[in-house]
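# Structural features, examined
Now for the letters of each chain:
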Amino acid sequence: MAKIYPGFAEEIKKYGAKDFSACYNCGNCTAVCGLTDKNANFPRMLIRYGMLGQQEEILKSKELWLCYACGECSLNCPRQAAPGDYMSALRRYAIAGYEPTGLTKLIFKSNPFSIFITVILAVVLSFFLLTIKPDAEVSRWIFNIFPYNVIHTMGLVIFSLTGLSMVIGVFNLVRKFTKDKVKADKKKVSVWSSIKNLMNELATMKRYKTCDSEEESHWKTKSEIVKPWFVHWMIMWGFIGLLVATTLDFILKDPATSIWLPSRIIGTLAGLMMMYGSSFAIYYRIIKVTRSYKTTNLADWMLLIFLWIAGLTGFWLEVSVGFASDNFFNQIVFMLHILVSMEMVLLFAFSKFAHAFYRPLALYFYFNSAEVGKK
Ligand code: SF4
Ligand code: SF4
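Residues numbered from 1 in each chain as written. Chains lettered and ligands numbered in written order. Predicted model: local features only at pLDDT ≥ 70, side-chain atom pairs only at ≥ 80, totals over all residues. Heavy atoms only, no water.

Applying the stated criterion to the full structure yields 24 aromatic pairs. The lysine or arginine in question, Arg79, covers the ring of Tyr24, its NZ or CZ lying 5.1 Å from the ring centre. (Phe/Tyr/Trp six-rings, centres within 6.5 Å; stacked < 30°, edge-to-face > 60°. Lys NZ or Arg CZ within 6 Å of the ring centre and 35° of its normal.)

Structure below.
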């Protein structure tokens, strides 16, 4: 029997949901959502789960990852129950629910704690970075107080624990998605075909384009390259490109002396894409361009600002390498770039960053479902 959590309605508000209990189950939200079909009934179904306190059903739901937060449902809700915001809050709740340490819950529920942990991590990482340059004067001074080995080992342990948390989070999500695999699935969908559909979606963002229909009146006269789906596409592929470039750098141990090394070319292009996407996303949120950009919480800001700083500093460094410029300012930029990048890695499992793993996985399970089809 499904476990009931009576305090769910109050709890989910701490993750950014409005008062969804105003919902009277009319179904408008599901009817207007361009992304629902007979296999993915949301957001109404998830609101029902929330009202009944069925948190386990929510954590098992891949549907909450199919929503791209366009806000169409909230615009059409006659009760102002803000189902779009509710879906976003559910994703934060799910990220916190899959992650095993409980840290994500604290980060999402408390802005002061979120800022506190970000600052503390920055300080710890700064010390850790000194272990890269142990002969610098400031390093020698710090190592007199905190021994080199302690700082270095502490850094490695923190990185390992973060990686482990992410692996457990992914494992928990997959376990929940596959727990009650629908026995009624008659027609099997092959793994290959599901992967193909997933790749197609990641490459084209076809579903997100459908989602953009919400603000039809605003976006329909605009060029594709400024629409939300494209902004998201640029951020996602910029992020993937930077991961590839960093991995190549690590494997090939490229010295940072030429901009024509493959990892540098990929890194520069990816950095530009990241800058483009995150700049538009930040700008849209500042001017609240449409309803879907009106509600931005700290987790959204942090994700975008971190990406933006990582992109800007990375791009600056590429230009410095191109001009063979190695002055004090560039060294500061380099440290800032490493600091922000490492902080993103450390916060990956405990923040909105985790959706970069969870959403594609949910999409895979969705495409793998035998009943995918029209409403
Ligand atoms: S449109 Fe509003 S009232 Fe109707 S089911 Fe959706 S959330 Fe509930
Ligand atoms: S925010 Fe958009 S994609 Fe998400 S449930 Fe509402 S209408 Fe659907």
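That covers the picture; the talk isn't over yet.
Among the 13 residues in the neighbourhood of ligand 1, the closest are listed as Cys23, Cys26, Gly27, Cys29 and Cys77. Taking a 2 Å distance to the grid points as the criterion, the majority of the atoms of ligand 1 fall inside the second largest cavity. (Near = heavy atom within 4 Å. 1 Å grid on protein atoms, 1.4 Å probe; cavity = no way out; pocket = protein on both sides within 12 Å on 5 of 7 lines; lining within 4 Å. Sits in = over half its atoms within 2 Å of the grid points.)

Next up on the list: the environment of Phe108. With respect to the helices and strands, Phe108 occurs in helix α7 (residues 103–109). For the pair Phe108 and Ala96, spaced 12 residues apart in sequence, the C-alpha to C-alpha distance is 7.8 Å. In this structure Phe108 touches Lys14, Tyr15, Arg92, Ile95, Ala96, Ala299, Ser351 and Lys352, once residues within four positions along its chain are discounted. (Helix = DSSP H or I, 4+ residues; strand = E, 2+ residues; numbered from the N terminus. Contact = heavy atoms within 4.5 Å.)

This part takes up a nonpolar patch on the surface. A cluster of nonpolar side chains, contributed by Trp260, Ile265, Leu269, Leu272, Phe315, Val319 and Phe323, occupies part of the molecular surface with about 750 Å² of accessible area. Of all the elements, helix α15 (residues 262–287) adds the most residues to the nonpolar patch, at three residues. Along the chain, Phe315 falls in helix α16 (residues 298–322). (Patch = residues over 30% accessible without salt bridge, like charges linked within 9 Å, V, L, I, M, F, W, Y side chains within 5 Å. Areas by Shrake-Rupley, 256 points an atom, 1.4 Å probe, with all protein chains shown as cover. Salt bridge = Lys/Arg side-chain N within 4 Å of Asp/Glu carboxyl O.)

Neighbouring residues of ligand 2: Cys33, Leu35, Phe42, Pro43, Cys67, Tyr68, Ala69, Cys70, Gly71, Glu72, Cys73 and Cys211. Using a 2 Å cut-off from the grid points, one finds that ligand 2 occupies the largest cavity. Class assignment for the residues of the shell around ligand 2 results in 10 nonpolar, one polar and one charged. (Nonpolar A, V, L, I, M, F, W, Y, C, P; charged D, E, K, R; others polar.)

All right, on to unusual backbone geometry then. Its identity as a non-glycine residue notwithstanding, Ala82 has a phi of 50°, on the positive side. A positive phi is found at Met205, a non-glycine position, where the angle reads about 55°. Look at Met205 and you get buried, because its relative accessible area is 1%. (Buried < 20%, exposed > 50% of the residue type's maximum accessible area, 1.4 Å probe, protein only.)

Within the secondary structure, Ile12 sits in helix α1 (residues 8–13). Taking the C-alpha atoms as reference, Ile12 lies 7.1 Å from Tyr93; in sequence the two are 81 residues apart. Residues within four places of Ile12 in sequence aside, it is in contact with Ala17, Phe20, Tyr86, Ala89, Leu90 and Tyr93.

Turning our eyes to something else, we now look at the nonpolar core. Across soluble globular proteins, you tend to see nonpolar side chains buried next to one another. Ile12, Phe42, Trp65, Tyr86 and Leu90 are the most contacted members of the largest nonpolar core, which has 86 residues in total. When residues in this core are grouped by element, the largest group, nine residues, is from helix α6 (residues 83–98). Of the residues that make up this core, three or more belong to each of domain 1 (8–98) and domain 2 (103–368). Those residues in contact with Tyr86 that lie beyond four places of it in its chain are Phe8, Ile12, Ala17, Phe20, Leu46, Ile47, Gly50 and Ile58. (Core = buried A, V, L, I, M, F, W, Y, C linked by side-chain atoms within 4.5 Å. Domains from an automatic or database assignment.)

A word on empty space enclosed by the protein. Going through the model one piece at a time under the given rule, you end up with two cavities of 30 Å³ or more. If you add up the space inside the largest cavity, you get close to 90 Å³. Lining of the largest cavity is provided by 14 residues; of these, Cys33, Phe42, Cys67, Cys70 and Cys73 occupy positions nearest its centre. Residue assignment for the lining of the largest cavity shows that the elements contributing at least two residues are α5 (72–75) and α6. Among the residues making up the lining of the largest cavity, the classes are represented as 11 nonpolar, two polar and one charged. Each pocket or cavity is described by its volume, and for the second largest cavity that value is around 70 Å³. Taken together, Cys23, Tyr24, Asn25, Cys26, Asn28, Cys29, Ile47, Cys77, Pro78, Arg79, Ala81 and Pro83 make up the full set of residues lining the second largest cavity. Of the residues assigned to the lining of the second largest cavity, the class counts are nine nonpolar, two polar and one charged. (Points joined across faces, edges and corners; volume = space filled by probe spheres on them.)

This part is about helix α3 (residues 44–51). Residue pairs three or four apart in sequence face the same way in an α-helix, which turns once every 3.6 residues. Taken together, the buried positions of α3 are Leu46, Ile47 and Gly50. For α3, the angular spread of buried residues about the axis comes to 105°, placing them on one side. Residues of α3 that are buried in the fold lie against α1, α4 (55–59) and α6. A positive phi of about 70° marks Gly53, the residue just after α3. (Arc of directions from axis to C-beta.)

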